[in-house]
Structures are given as C-alpha cells and as structure tokens.
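Spelled out from the first residue to the last, the chains are:
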Amino acid sequence: GWEGPPPPRGCEVFVGKIPRDMYEDELVPVFERAGKIYELRLMMEFSGKFIGVCVSLDNCRLFIGAIPKDKKKEEILNEMKKVTEGVVDVIVYPNATDKTKNRGFAFVEYESHRAAAMARRRLIPGTFQPWGHTIQVDWADPEKVVDEETMQRVKVLYVRNLMISTTEDKIKAEFNKFKPGVVERVKKLRDYAFVHFFHREDAVAAMSVMNGKCIDGASIEVTLAKPVNKESSWKQHFNGQISPSSENLLGFPNKEDGTQKSLGKPASLSIRLNGQHSPGPPEVERSTYPIFPGIKLTPISMYSLKLSHFSSAVMHLDYFCHKNSWAPPEYCLYSTTSQDGKILLVYKVLISSIADDSQSYFMPEKLCTTVEDAKELAAQFTLLHL
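Since the structure is predicted, the reported quantities are computational estimates derived from the model, not experimental observations.

Q: Which parts of the structure should I look at to understand the packing of aromatic side chains?
A: Inspection of every chain in the model, using the stated rule, returns 9 aromatic pairs. Ring geometry for phenylalanine 105 against phenylalanine 107: centres 5.7 Å apart, planes inclined by 85 degrees, an arrangement best described as edge-to-face. You can call phenylalanine 105 buried: its relative accessible area is 1%. Using a relative accessible area of 0% as the deciding quantity, one classes phenylalanine 107 as buried. Taken together, Phe63, Phe105 and Phe107 form an aromatic cluster joined through their ring pairs. The ring of tyrosine 331 is capped by lysine 375, whose NZ or CZ atom sits 4.7 Å from the centre of that ring.

If you want it as structure tokens, here you go:
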C-alpha cells in the first residue's frame, strides 16, 4: 500500500529463519526499528515443501511457440489482442528455408510487466487455441547485456535472415560494395553470418548502410555482434580442456518451431573433443545436496525442465525434438581405422520428422576415439544446423 516515492534501488534485504507463527503485525514493528519500511513480502509455506526464490525481472515480453508457420505478423498480433490486454508489438522471424513462412514462434511485447504477467497467466492453461492449435507460452529470456565500453570495441556485424543458398563470398562482396576492402572475413552458418571488419568505423558504417538491404531476395537484419560475457559464457569440459572458438561472439541461430526463447543472440563458445572444436551447451551447476529425512520427492518428466538443467548436447537435442513434437533423434554409428591402427568413430543423426525439409540427417566431419565423444559431437553438430 505504499503511495510515496519509489524506494531507493538496492535497498531490499532477505530475512530467513523467521518463526513460522509470526506474521506482519509482529514483524513490521520489529524491522521499523531499523528504518522506514517501503514494503514487506512474507513468503507463506502451507505444504511443508522447500520453496525456491529468485530475482524478479521486469520482463515485458512473452515467448509464444507452436504457432502455425503460415501465419503472418498481423494475424498473430490480432489473435494476441483478442485475449490479452496491453499488447504493443509482435516480433516474428521468417523461416530459414522458406521466407514466406515464420519459424513457428513469436515474441509478444506488452506495455508493462504486469500486463505481460496477466497475459501469461491467462494463456498458460491452454484454453486459448488460436487457429485450432495449442500454443506454448513462457517468459522470453532477456537479452544478454554487454557494457557500453565493450560494445565500443566491436568490429564484427551479425547478419540474420539470409537465404540458405547465399554464400560467404556473396556476403563479403555485398558488404564491400560501399567501401572496397573493408571486410576481413565472413563466417556464415545456415541463415545468419558474422562479418568481420578490419576497422570498427567501417563496421558501424556498413551496419547503417546494409541493414534492411536485400541479398538474394532476402531482406537482411544487421546489428553489432555482442561479445561473450566470459563469466556467463557457454562452456563445457571434455578431456580437461576448454578452447574458445574463432567466432567468440553471441550469434547462435534462432531455433525453429518455438524453442528459441531469447530475442537476442545466445552465446557461442566451443568445446574440445579430441582436439576438435565444437559448440557446447551451457554449463550447469553440478553441486550435490543431501537428501534429508522426510523430503518429498515428486516424479517429473525431464521435458518439464528448462534447458539450463541439461549439460550435454545429446540431452539438448532430445529436448529440442520433443518440444517440436518430432520423433526422438536416431544415432547411427560408423567407424574407420586410422593409419596407426586406431579405431575412429562418427555418428550420423537422423530426425525422421523433418524428412520433408531440406535435410533430415546430420553428420559432423570429425572423427572421435570414444563413443561418448562421437555422440556428443554429432548432437552438437545437429543442433547447430537445425
């Protein structure tokens, strides 16, 4: 009920071990001895279960998945406005292989965090089925924030919405048009690319000139690539080694069919498998905790968890296929013998549910000495190309 000016930032404290029979009428007088209270939120525990507490983000954006791919931005916007209030905008990305279709998901921007929260509460039960489809609803993952000082040194552009057929040479030629010889190199992956410049001022100028331009019939989006925050970057240990990739920038592809919840560009580091580089999934907390007597363990499905709970690409790929209502990935193992007689292994990954797409099987061009490494490398390669 506070009606005065907002409280100073950073003035909130957490208090634990409060007697369970003590409530606001007793707590407020105690804490007011230390100073003026702006707000007190008492966590109630009715079930005896352990509770989880996390920082509340002022998020105004929802992720909507499992949207029919033939729906346009205007149609999605109108559907969201029918059942939720405060809709400001809808962000939709074109399909990688067919620019006339969307990727199967959208981001809905609301005027406030409260409006987004109310919309999420209304949409989550699954009663709203636009176009006869049950949609997926969750908070959009906030875009990673990079400090201004770091961004001032960036001389790499992130280019999205390219045609699959567009080559690195074509991209380099297009970006060299406004000033010949400014592009150092181009790295393209599926429908997005990184364009490296020799000088930052040329990168900034090219971004202004090229954003919204058409290359091979596709209207491209150009932004400055965001450097990885080393303390929160994706990493994973194999054979005790970590090796940053040459593309040490945020720029993973937006996943299809409602699986990529971040509007920004997720981090991309590489791990080392028998000396070979490959993009790796986020590191998860591996601490162990004791099971106290009386703790209630609840059976759950692994698919009800978030991606942050999985530490391997194999599990990520399984999760990815499930969320898209695809059949589980099939792994076919192949071997060869090296010149020194060592058995080398590689997996081919088949995803039968996308047989009508441009590619339904994926196999890395690297061989491994162990089955585990070969399977992990194949899963990472598949995720990178989906």
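Q: I keep staring at the pairing of strand β3 (residues 102–110) and nothing clicks. Help me out?
A: The two faces of the sheet receive side chains in turn, since in a regular strand these alternate between them. Burial within β3 is extensive, with 9 of its 9 residues counted as buried. Taken together, the 6 bridges between strand β2 (residues 87–94) and β3 define a ladder with antiparallel strand orientation. In the strand pairing of β3, valine 90 is matched with valine 108.

Q: I tried to follow the environment of asparagine 161 on my own but got confused; where do I start?
A: Position of asparagine 161 relative to the elements: it lies in the loop between β5 (156–160) and α5 (168–176). When its relative accessible area of 13% is taken as the criterion, asparagine 161 is described as buried. Considering only alpha carbons, one finds asparagine 161 and tyrosine 93, 68 residues apart in sequence, at a separation of 7.9 Å. When neighbours within four sequence positions are excluded, asparagine 161 is seen to be in contact with Pro94, Lys99, Asp191, Ala218, Ser219 and Ile220.

Q: Whenever I open this one, the sheet that holds strand β17 (residues 361–362) confuses me. Can you help?
A: Backbone-to-backbone hydrogen bonds join strands into a sheet, with any given pair of strands oriented parallel or antiparallel. Strand order across the open sheet formed by 3 strands is β15-β16-β17, with antiparallel pairing between neighbours. Where the open sheet ends on each side, the last strands, each with one partner, are β15 (330–337) and β17. As judged from the 8 bridges shared by β15 and strand β16 (residues 343–350), these two strands associate in the antiparallel manner. Its bridge partner being in β16, serine 335 is matched across the sheet by leucine 345.

What counts as what
Residues numbered from 1 in each chain as written. Predicted model: local features only at pLDDT ≥ 70, side-chain atom pairs only at ≥ 80, totals over all residues. Heavy atoms only, no water. Phe/Tyr/Trp six-rings, centres within 6.5 Å; stacked < 30°, edge-to-face > 60°. Buried < 20%, exposed > 50% of the residue type's maximum accessible area, 1.4 Å probe, protein only. Lys NZ or Arg CZ within 6 Å of the ring centre and 35° of its normal. Helix = DSSP H or I, 4+ residues; strand = E, 2+ residues; numbered from the N terminus. Pairing = 2+ DSSP bridges. Contact = heavy atoms within 4.5 Å.

Any functional reading would require information beyond the geometric quantities listed.
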